[in-house]
Amino acid sequence: MRILVSGASVAGPVLAYWLTRHGFEVTVVERASVLRKTGGHAVDLFRPAMDISEKMGVLPRVEERATGTSRMTVYREGSRRPVGVDLSKIFGATSDRHFEVMRDDLSEIFYDAARDDVEYVFGDSITAISPDGEVRFENAAPRRFDLVVGADGLHSNVRRLVFGEESRFSSFIGAYLGVLTLPNASGLDGELLMHVGVGRTAGMYGARHLGEARALFLFRSERELDCHHHDVPRQKELLRGAFDGMHPDVDRWLDELDRTPAFYFDSITQLRMDTWSRGRVTLVGDAGYCPGPAVGGSTSLAVVGAYVLAGELARAGGDHERAFPAYERAMAEHVRGSRAAALSVAKTLIPTSRLGVSGLAQGARLISALPAGPGRALLRLTSKSARLHNSMTVDDYPPPP
Ligand SMILES: Cc1cc2nc3c(=O)[nH]c(=O)nc-3n(C[C@H](O)[C@H](O)[C@H](O)COP(=O)(O)OP(=O)(O)OC[C@H]3O[C@@H](n4cnc5c(N)ncnc54)[C@H](O)[C@@H]3O)c2cc1C
């Protein structure tokens, strides 16, 4: 049985790995000409995704590439006194198994895990999928597949071809996100430097093994801004406007906008679809159920979704009419929970009032100052997201020996 997967980031390679382990023949088509190695941002693997990575035998590589971010210094806008936070305690309290890793490192690790058993086609994209499984591409000749899976992210091409325009399914949660790569001039090592104000949060971090750093910008906007998805100069202008006068550190990071080799800007939107499957096609990861980039634990969700989809297809002997609904049932609660958690994380990370700004800094300091037991208990009580990521249960789908 031949399965085509569109997208080679997180969900795509994990799905390809498990499908081949279950005996399916897999082709992955990726629009980028090579596996992405520049830019990218830190993402989280929580317990269920760590368990799946362990089953794939890649956990030592994930650990080796962990960002190692263990301290956070928070400046509240208008106050000169920084608050120091022990992030390792916060991470320890939010999940009993958690790693932060750069997304590009993670996709390389997952890609390497099955690269010899999967046909990877870079630099191409699907242009049409017919109900009988004939697939057309921008460059390659048409080919026939039994099933097609869109693992091509929040702005999924497969979803657009099969379900229609993204605007029908996306819901703006009132915030924007920007990331840029910049020199690690302050030599940040294992540290996140944050400036938090009402409606805006900016941070910079360096990963242990990366020469450069990343600056992350989150800001609120009641309405969607007038800006085309590909209009980079306008996006940079909006970012400068949103963070104007926040702090000299933030001005320095924004100065890098003209020189950065990698820049990302997008609204924070959630996808809400009644179903992710139609005929022989289904969606996995951000393509089907992104709860909101940077706020919803979507990387873990993508790993879990890919594992479950492959497992349900194996369980149903490749019968997609049974497997796709089973996959959707198994994921529905995780997806709903992640959406709700994302809204509450966004509210905490980009406070709407001065009280929220102080609450974020003082709350984080309090938790990191408490001994592990009480700190963990307090965080579990206050964080929906932590409870959700810890409690996600996933069936076991052992592949044949
Ligand atoms: C700035 C930012 C910060 C984030 N921070 C966090 C975080 O802190 N924690 C967290 O857990 N998650 C975070 N995320 C989310 C995380 O990156 C995604 O949830 C995760 O990468 C989802 O993986 P995916 O494979 O579903 O999709 P993506 O990683 O989006 O991958 C989609 C892949 O499909 C490819 N593609 C796109 N179009 C086509 C096409 N037409 N044909 C073929 N291939 C195509 C893309 O090139 C890409 O390789 C963040 C995201 C962003 C943007």
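These lines cover the structure that appears in this document, whether it is placed above or below. One numbering rule holds for all chains: residues counted from 1, following each sequence as written. It should be noted that, the model being predicted, local features are given only for residues of pLDDT at least 70 and side-chain atom pairs only at 80 or more, the latter also being counted only at that level, while totals for whole chains, interfaces and linings use all residues. As a rule here, side-chain values come from all non-hydrogen atoms in the structure, and water together with hydrogens is ignored.

**Here's the deal with the layout of surface pockets**
What counts is decided by this rule: Each cavity reported here is a set of points on a 1 Å grid over the protein atoms alone in which a 1.4 Å probe fits but cannot get out, each pocket an open set with protein on both sides within 12 Å along at least five of seven lines, and each lining residue one with an atom within 4 Å of a point. Grid points are joined across faces, edges and corners, and a volume is the space filled by probe spheres set on the points. In this description a helix means any DSSP run of H or I spanning at least four residues, a strand means any run of E spanning at least two, and both kinds are numbered starting from the N terminus.
Within this model, the second largest pocket holds a volume of roughly 460 Å³. In terms of lining residues, the second largest pocket is bounded by 18 residues, among which H155, E166, H229, D266 and S267 are the most central. For the lining of the second largest pocket, the secondary structure elements donating two or more residues are β12 (170-183) and β16 (263-271). With four residues, β16 is the single largest residue contributor to the lining of the second largest pocket.

**Here we look at helix α11 (residues 320-349)**
To keep things clear, this is the line we draw: Here the bend at a residue means the angle between the axes of two seven-residue stretches, the one that ends at it and the one that starts at it. We define a polar contact as two N or O atoms separated by no more than 3.5 Å, with the added condition that, inside protein, one atom must be a possible hydrogen donor and the other a possible acceptor, whereas residues neighbouring each other in sequence contribute only through side-chain atom pairs.
The axis of α11 is deflected most strongly, by about 40°, at M331. By the N-cap criterion, in which a side-chain oxygen at the helix start approaches the backbone nitrogen of a residue two or three places on, α11 is capped by D319, the distance to E321 being 2.9 Å.

**Observations regarding the pairing of strand β8 (residues 126-129)**
If a strand is regular, its side chains alternate between the two faces of the sheet. We count it as follows: Between any two strands, at least two bridges found by DSSP are needed for them to pair.
One ladder, built from three bridges, connects β8 with strand β9 (residues 134-137); its direction is antiparallel. Within β9, the residue paired with I129 across the bridge is V135. Counted between consecutive antiparallel strands, the loop separating β8 from β9 contains four residues, among which G133 sits at a positive phi close to 100°.

**Some details on the site of the ligand**
Here is the rule: In these notes, residues near a molecule or strand are those with any non-hydrogen atom within 4 Å of it. Residue exposure ignores everything except the shown protein chains as possible cover, and the areas themselves are Shrake-Rupley values with a 1.4 Å probe.
The environment of the ligand is made up of 31 residues, and the closest members are S9, A11, E30, H41 and S298. Take D44: an N or O atom from its side chain is 3.0 Å from a nitrogen atom of the ligand. Measuring from a nitrogen atom of the ligand, one finds a side-chain N or O atom of T299 at 3.0 Å. For the ligand, the accessible surface in isolation is 990 Å², of which the surrounding protein chains cover 91%.

**As for empty space enclosed by the protein**
What counts here: Just so you know the grouping, Ala, Val, Leu, Ile, Met, Phe, Trp, Tyr, Cys and Pro go in nonpolar, Asp, Glu, Lys and Arg go in charged, and all remaining residues, Gly too, go in polar.
Scanning the entire structure with this criterion turns up one cavity of 30 Å³ or more. Taken as a whole, the largest cavity encloses approximately 40 Å³ of empty space. Lining the largest cavity we find A8, S9, E30, A32, V34, L35, R36, S107 and F122. For the lining of the largest cavity, the per-class residue count stands at five nonpolar, two polar and two charged.

**Side note on the sheet that holds strand β13 (residues 191-197)**
Cut-off, in case you're wondering: Under this scheme, a helix contributes an axis fitted over its contacting stretch, all axes are lines through C-alpha atoms, and angles between N-to-C directions fall in the 0 to 180 degree range. For this analysis, residues touch if any pair of their heavy atoms sits within 4.5 Å.
What the seven strands build is an open sheet, ordered β5-β4-β13-β14-β15-β12-β16; its pairing is mixed. In this open sheet, the two strands that pair with only one neighbour each are β5 (83-86) and β16. When strand polarity is set aside, the average angle formed by the axes of neighbouring strands in this sheet is 20°. Bridging between β12 and β16 involves eight bridges; their strand directions are antiparallel. From the neighbouring strand, S170 faces β16, where its bridge partner is L271. Lying on the sheet, helix α7 (residues 232-242) is in contact with β14 (200-206), β15 (212-220) and β16; it crosses β16 at an angle near 80°. Where helix α8 (residues 248-255) meets the sheet, it contacts β12, β13, β14 and β15, and its direction lies at approximately 110° from that of β13.

**Let's talk about the environment of E165**
To keep it simple, the criterion reads: Each residue is placed in one exposure class: buried if its accessible area under a 1.4 Å probe, protein chains only, is under 20% of its type's maximum, exposed if it is over 50%, and partly exposed if it falls in between.
Looking at the secondary structure, you find E165 in the loop between α6 (157-163) and β12. Of the residues examined, E165 reaches a relative accessible area of 48% and is grouped as partly exposed. It is 24 Å that separates the C-alpha atoms of E165 and L309, two residues lying 144 residues apart in sequence.

**Thoughts on the packing of helix α1 (residues 11-21) against helix α5 (residues 103-114)**
Rule in force here: Any angle between 65 and 115 degrees counts as roughly perpendicular, while under 35 counts as roughly parallel, over 145 as roughly antiparallel, and the rest as oblique. Each crossing is labelled by how the near helix is turned from the far one, with a counterclockwise turn of less than a right angle marking it left-handed and a clockwise turn marking it right-handed.
Packing of α1 against α5 leaves a shortest axis separation of 8 Å and a crossing angle of 20°. What the angle tells us is that α1 and α5 run roughly parallel. Crossing of α1 over α5 shows left-handed handedness. Taken together, the residues of α5 that come into contact with α1 (itself represented by P13, V14, Y17 and T20) are F110, Y111, A113 and A114. Within the contact of α1 with α5, the residues separate by chemical class into seven nonpolar, one polar and no charged.

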